[in-house]
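Here's the letter readout for the chains.
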Amino acid sequence: RGELDVRYGTVDAEDILEQIRIVFDRHPVSRGKSLRLLCLSLETQFESDPRLLMRILINMVKNAFESVPRSGTIKLRYERIDGAPVFTVWNPGKIPEDVAAQIFQRSFSTRHETGRGLGTYSMRLLGNQYLGGTVTFTTSEEVGTEFALRLPAGTPVRA
């Protein structure tokens, strides 16, 4: 309904990466799999809503873990691109074209037995509409799949 309360504050990307590591350290979806964290920028602080940011990244990482086989590795990376904070989550698989075409649609799910199809939909809704960034993905057989959250450069306007 557009009524979500966004609470901006100073966020440190290294802290966010560590919190994600803790969440998935013993999470059932990560059992037998690896999470590689990469912080590629010395400038790690920026303004955002840490709750919403964590929600988006947890969904991205969970989806990536669900798509890799046992002993697989996913990567969560933070970097600055043209001054903007960017988080990416990579896995080695390719999303089929028919699935990729619907990935951000509400209620779309590849899991028939569980889930409500809100994961990728909420990632884009929260990232784009509430944090003022952009959530995108690329997928190919050669490179794998990477979801990205690019936040605004500089301090966002507080409503």
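For the structure given in this document, a descriptive report is provided here. (Residues numbered from 1 in each chain as written. Predicted model: local features only at pLDDT ≥ 70, side-chain atom pairs only at ≥ 80, totals over all residues. Heavy atoms only, no water.)

1. As for the pairing of strand E7 (residues 144–150)
Inclusion rule: Accessibility here uses a 1.4 Å probe with only protein chains present; expressed as a share of the type maximum, an area under 20% marks a residue as buried, one over 50% as exposed, and anything in between as partly exposed. Helix and strand definitions follow DSSP, with helices as H or I runs of at least four residues and strands as E runs of at least two, each counted in order from the N terminus. We treat two strands as partners when DSSP finds at least two bridges between them.
Taken across its seven residues, E7 has five buried, putting it largely inside the fold. Taking the residues that link successive antiparallel strands as the turn, the strand E6 (residues 134–140)-E7 hairpin has three residues.

2. Describing the sheet that holds strand E5 (residues 84–91)
To keep it simple, the criterion reads: Angles run from 0 to 180 degrees between N-to-C directions of axes, and those axes are lines fitted to C-alpha atoms, restricted for helices to the stretch in contact. Only heavy atoms enter the contact rule, under which two residues are in contact if any of them lie within 4.5 Å.
If you trace the five strands from one edge of the open sheet to the other, you get E2-E4-E5-E7-E6, paired in mixed fashion. This sheet does not close on itself; its edge strands, each paired only once, are strand E2 (34–39) and E6. Across the sheet, the axes of successive neighbouring strands diverge by a mean angle of 15°, strand direction being ignored. Bridging between E2 and strand E4 (residues 73–81) involves six bridges; their strand directions are parallel. When the bridges of E4 are listed, Cys39 appears paired with Tyr78. Across the sheet, helix H1 (residues 13–25) lies against E2, E4 and E5, angled at about 175° from E2, the strand it touches most. Where helix H2 (residues 50–67) meets the sheet, its contacts fall on E2, E4, E5, E6 and E7, and the angle it forms with E5 comes to roughly 20°.

3. Focus on the packing of aromatic side chains
As a reminder, the rule being used: Ring geometry is summarised as follows: Phe, Tyr and Trp rings, the Trp one being its six-membered ring, pair when their centres sit within 6.5 Å, and such pairs are stacked at plane angles under 30 degrees, edge-to-face over 60 and tilted between the two. We count a charge as sitting over a ring when the NZ of a lysine or the CZ of an arginine lies within 6 Å of the ring centre and within 35 degrees of the ring normal.
Taken as a whole and judged by the stated rule, the model has five aromatic pairs. When the ring of Phe46 is compared with that of Tyr78, the centres are 6.0 Å apart and the planes differ by 15°; the resulting orientation is stacked. Of this pair, Phe46 sits in strand E3 (residues 45–48) while Tyr78 sits in strand E4, and the two are 32 residues apart along the sequence. Phe46 sits in the buried class, given a relative accessible area of 5%. With a centroid separation of 5.1 Å and 20° between ring planes, the pair formed by Phe137 and Phe147 is classed as stacked. You can see Phe137 sitting in strand E6 and its partner Phe147 sitting in strand E7, a full ten residues away along the chain. Three or more aromatic residues joined by ring pairs form one cluster here, namely Phe46, Tyr78 and Phe87. In this structure, Lys75 packs its charged tip against the face of Trp90, placed 4.9 Å from the ring centre.

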